[in-house]
Amino acid sequence: MRVSCPELTARKGGEPIVCLTAYTAPMAQLLDPHVDLLMVGDSLGMVLYGFDSTLPVTMDMMIAHGAAVRRGSQHACIVIDLPFGSYQESAEQAYRNAVRMMQETGCSAVKMEGGRDLAPTVEFFVKRGIPVMGHVGLMPQSVNVQGGYRARGRATDEAAAVMADAIAISEAGAFAIVVEGVMEQLAEAITARVAAPTIGIGASAGCDGQVLVVDDMLGLFSSFRPRFVKRYAELGETVSEAAQAYAADVRSRRFPGPEHIFGSIKKSS
Ligand code: KIV
Ligand code: NA
């Protein structure tokens, strides 16, 4: 049985919830035994597709990757991001798109970025059978309004706004809330105040769980390196060294060797 959304909600204040992003079946397979939650994040636009923001990500892209992650896993709860433009217009538009995503991917829940303005949509979803993960603080889909990717909550009015957003989303029925890029004090205050477990990214150890973009923590994505990322491996260097060794082998005819080729055809007697 997969980890369910209510099971994750019940972890509030208990053992921290472990979450990583995943975009492909083989990566999901590797991560699945170790995490509670796999997040098919729209960060794939930057990490896999080379866009400089998450705004160009489409429903079709999310669905293709969500279905792949679902096929590659059997244990973790899978949450998929609704991409920019697919849910902000109205609760009805959002619901239609979320239903399509769940039907075509088999994912258990969706995530949307937003605060007080989004609370009615969250309530609309939960009443109609779709678990919602919230996302407050630094909201990458609002990069053009927020004017960059800076951490939130340094100023007291900004901190109060993020707190009000988290409370509204939790009270609307979100089963968990991602808190991104906020000061430690604010992350701790939100975690203490809201019923939903908080999943932090760049938000200190004070949250009820943590998430990282998997390519960041594996050292596969190096276009930029946010302060909050801890590198658990340097796979980018490993890939680069492997490509260099392969190129040298091909150029010097060391590859393929005798063990890599099909034997010569035996002459029939
Ligand atoms: O898109 C993403 O990967 C995310 C998580 C990092 C929270 O939204
Ligand atoms: Na996202």
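Residues numbered from 1 in each chain as written. Chains lettered and ligands numbered in written order. Predicted model: local features only at pLDDT ≥ 70, side-chain atom pairs only at ≥ 80, totals over all residues.

Within the fold, Met-59 resides in helix 4 (residues 59-71). It is 9.8 Å that separates the C-alpha atoms of Met-59 and Asp-42, two residues lying 17 residues apart in sequence. Setting aside residues up to four positions removed in sequence, Met-59 forms contacts with Pro-83, Ser-86 and Asn-97. (Helix = DSSP H or I, 4+ residues; strand = E, 2+ residues; numbered from the N terminus. Contact = placed C-beta atoms within 7 Å.)

Let us look at the UniProt feature "binding site: Mg(2+)" (unreviewed entry) in the protein chain. Residues annotated by UniProt as "binding site: Mg(2+)" (unreviewed entry) correspond here to Asp-42, Asp-81 and Glu-113. A maximum C-alpha distance of 10.9 Å places the annotated residues, which cover 72 residues in sequence, within one compact spot. Mapped onto the secondary structure, Asp-42 falls in the loop between strand 2 (37-40) and helix 3 (44-47). Taking the number of C-beta atoms within 10 Å as the measure of exposure, Asp-42 has 29 and is therefore buried. What Asp-42 contacts, discounting residues up to four positions off in sequence, is Thr-54, Val-57, Met-62, Asp-81 and Pro-83. Relative to the elements of secondary structure, Glu-113 occurs in the loop between strand 4 (109-111) and helix 6 (119-127). Non-local contacts of Glu-113, meaning those with residues more than four positions away in its chain, are made with His-135, Met-139, Gln-141 and Ser-142. (UniProt positions renumbered as here; feature names shortened; annotations may be inferred. Buried ≥ 20, exposed ≤ 12 C-beta atoms within 10 Å, placed from the backbone.)

This part takes up the pairing of strand 2. Residues Leu-37 and Met-39 of strand 2 are buried on one face, and the alternating residues Leu-38 and Val-40, pointing to the opposite face, are buried as well. Bridging between strand 1 (residues 17-21) and strand 2 involves three bridges; their strand directions are parallel. The residue bridging Thr-21 from the neighbouring strand is Met-39, located in strand 2. Regarding topology, helix 2 (residues 25-31) serves as the crossover connection from strand 1 to the parallel strand 2, and that connection is right-handed. (Pairing = 2+ DSSP bridges. Right-handed = clockwise from strand over helix to strand, strands pointing away.)

A word on the nonpolar core. Core analysis: the biggest nonpolar cluster contains 70 residues, and Leu-38 and Ile-177 have the highest contact counts within it. Per-element tally for this core: the top contributor is helix 8 (residues 156-171), with five residues. For Leu-38, the contacting residues outside a window of four places in its chain are Leu-20, Ala-22, Ala-28, Leu-31, Asp-32, Val-69, Ser-73, Ala-76 and Ile-78. (Core = buried A, V, L, I, M, F, W, Y, C linked by C-beta atoms within 7 Å.)

What follows concerns the confidence of the model for the protein chain. In low-pLDDT segments, the atomic positions of the prediction should not be examined closely. Model confidence for the protein chain is summarised by a mean pLDDT of 96, while 100% of its residues fall at 70 or above. Across the predicted assembly, pTM comes out at 0.95 and ipTM at 0.99. (pLDDT = per-residue confidence, 0-100.)

Once that is clear, we can look at the packing of helix 8 against helix 9 (residues 184-193). Close contact between helix 8 and helix 9 brings their axes to 10 Å; oriented N to C, the two are set at 30 degrees. On the basis of their axis angle, the class for helix 8 and helix 9 is roughly parallel. Both helix 8 and helix 9 take part in a crossing whose hand is right-handed. Residues Ala-159, Val-162, Met-163, Ala-166 and Ile-167 of helix 8 form the contact with helix 9, whose own contacting residues are Leu-186, Ala-189, Ile-190 and Arg-193. Residue classes in the contact of helix 8 with helix 9 are distributed as eight nonpolar, no polar and one charged. (Axes fitted to C-alpha atoms, helices over the stretch in contact; angles between N-to-C directions. Parallel < 35°, antiparallel > 145°, perpendicular 65-115°, else oblique. Left-handed = near helix turned anticlockwise from the far one by under 90°. Nonpolar A, V, L, I, M, F, W, Y, C, P; charged D, E, K, R; others polar.)

Here we come to the environment of Met-62. Relative to the helices and strands, Met-62 is located in helix 4. Sequence separation between Met-62 and Ile-80 is 18 residues; the distance between their C-alpha atoms is 7.5 Å. Those residues within four positions of Met-62 in sequence are excluded, and the remaining contacts are Val-40, Asp-42, Val-57, Ile-80, Asp-81, Pro-83 and Met-101.

Attention now moves to unusual backbone geometry. The peptide bond linking Phe-255 to Pro-256 adopts the cis configuration, its omega dihedral lying at -5 degrees. You can see Pro-256 is positioned in the segment after helix 11 (235-251). Positioned with a positive phi, Ser-204 is a non-glycine residue whose angle comes to about 75 degrees. Its place among the elements puts Ser-204 in the loop between strand 7 (198-201) and strand 8 (209-212). In this model, Arg-253 sits at a positive phi of 60 degrees, which is unusual for a non-glycine residue.

Turning to the sheet that holds strand 6 (residues 176-180), a few remarks are in order. Strand order in this closed barrel of eight strands is 1-2-3-4-5-6-7-8, and the pairing throughout is parallel. Within this sheet the neighbouring strands show an average axis-to-axis angle of 25 degrees, counted without direction. Two strands pair when backbone bridges link them, and strand 7 and strand 8 are joined in this way by two bridges, in the parallel orientation. In the strand pairing of strand 8, Ile-199 is matched with Gly-209.

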